[in-house]
Amino acid sequence: MSQPFDDLPDDFGKGFERLRAALASTDQRAGQILALHAAIEREMDIALRDLLPHATRLRGLGYSQKASVLAALTPYPDSMVTTWWLKPIERFNELRNGVAHGDSSDRVDAAIDRLKKSFDSFPPPSDRFDDVTIAAGLIFSGLGTAKLAPHMTKMAEQAARRRIGAATMILADADEN
């Protein structure tokens, strides 16, 4: 009597072997980095929704385009927006792309170093942390301050201040450890 899998080609299992090899070669930090990147993009979506009366009309914007639109909506000087916000977002995106496309651990380490260096002008200096979660928290804080444009409601300003406070607590905890 024929078994259900008797008719499968001899090399049927090779796909599973390739999958197992791909998983084994993936940087162990990939899941965390990809999840944080997705969280940052969701936060950008929320900020756009809060700042624009018809944000749902924005179609096909990628991560970098969303960051650019948000930067254009803030009342802060270009140098501040670029240094404290756009550069870290760009660096986090480079890190995400690296792990998503299978970069080696050395290349991921280099991308994390570039991300950390993008915070060098922040108070406190980036050498106080070495965790991508804290970098994402700082980006969240920047997104929160983007909502402090003059036309925003008091509630949005309070939400942004809570985010900044949360990021400050994360940094304080990291500093103690």
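Refer to the preceding data block for the structure.
Just so it is clear, the model here is predicted, and its values are computed rather than measured. Each chain has its residues counted from 1, following the order in which its sequence is written. Local features in this predicted model are restricted to residues whose pLDDT is 70 or higher, and side-chain atom pairs enter the listing and the counts only when it is 80 or higher, whereas totals over whole chains, interfaces and linings include all residues. Computation of side-chain values: all heavy atoms of the structure, hydrogens and water removed.

K.L.:
An account of the environment of Leu86 is needed here, citing residue identities and associated values.
P.N.:
Runs of E in the DSSP output that reach at least two residues are strands. Runs of H or I that reach at least four are helices, and both are numbered from the N terminus. Following the sequence through the fold, Leu86 ends up in helix H4 (residues 78–100). Exposure remark for Leu86: the relative accessible area of 24% places this residue in the partly exposed category. In this structure, the C-alpha to C-alpha distance between Leu86 and Ala67, residues 19 residues apart in sequence, is 6.8 Å. Contact partners of Leu86, with chain neighbours within four places excluded, come to Ala67, Ser68, Ala71 and Val81. Accessibility here uses a 1.4 Å probe with only protein chains present; expressed as a share of the type maximum, an area under 20% marks a residue as buried, one over 50% as exposed, and anything in between as partly exposed. Pairs of residues are marked as contacts when any of their non-hydrogen atoms sit within 4.5 Å.

K.L.:
Report on the pattern of salt bridges, specifying residues and quantitative values.
P.N.:
Every case where a carboxyl oxygen of Asp or Glu lies within 4 Å of a side-chain nitrogen of Lys or Arg is listed as a salt bridge. As enumerated under the stated definition, the model contains 10 salt bridges in all. With a closest N to O distance of 3.4 Å, Glu90 and Lys87 form a salt bridge. Pair noted here: Glu90 and Lys87 are both in helix H4, with a separation of 3 residues, about one helical turn. Exposure remark for Glu90: the relative accessible area of 37% places this residue in the partly exposed category. Given the relative accessible area of 29%, Lys87 is considered partly exposed. Across the salt bridge formed by Asp103 and Arg107, the nearest N and O atoms sit 3.6 Å from each other. Among the charged side chains, a salt-bridge network with shared partners connects Lys87, Glu90, Arg91, Glu94 and Arg114.

K.L.:
How would you explain the packing of helix H3 (residues 63–73) against H4 if you had to name every residue and give the values?
P.N.:
Contact geometry for H3 and H4: axes closest at 10 Å, N-to-C directions at 170°. Classified by the angle between their axes, H3 and H4 sit roughly antiparallel to one another. Residue-level contacts link Tyr63, Ser64, Ala67, Ser68, Leu70 and Ala71 of H3 to Val81, Trp85, Leu86, Ile89, Phe92 and Asn93 of H4. Classifying every residue of the contact of H3 with H4 gives 9 nonpolar, 3 polar and no charged. Angles here are taken between N-to-C directions and fall from 0 to 180 degrees, while the axes themselves are lines fitted to C-alpha atoms, restricted in helices to the stretch in contact. For classification, angles of less than 35 degrees are called roughly parallel, those exceeding 145 degrees roughly antiparallel, those between 65 and 115 degrees roughly perpendicular, and all remaining angles oblique. When residues are grouped by polarity, Ala, Val, Leu, Ile, Met, Phe, Trp, Tyr, Cys and Pro land in nonpolar, Asp, Glu, Lys and Arg in charged, and all others, Gly among them, in polar.

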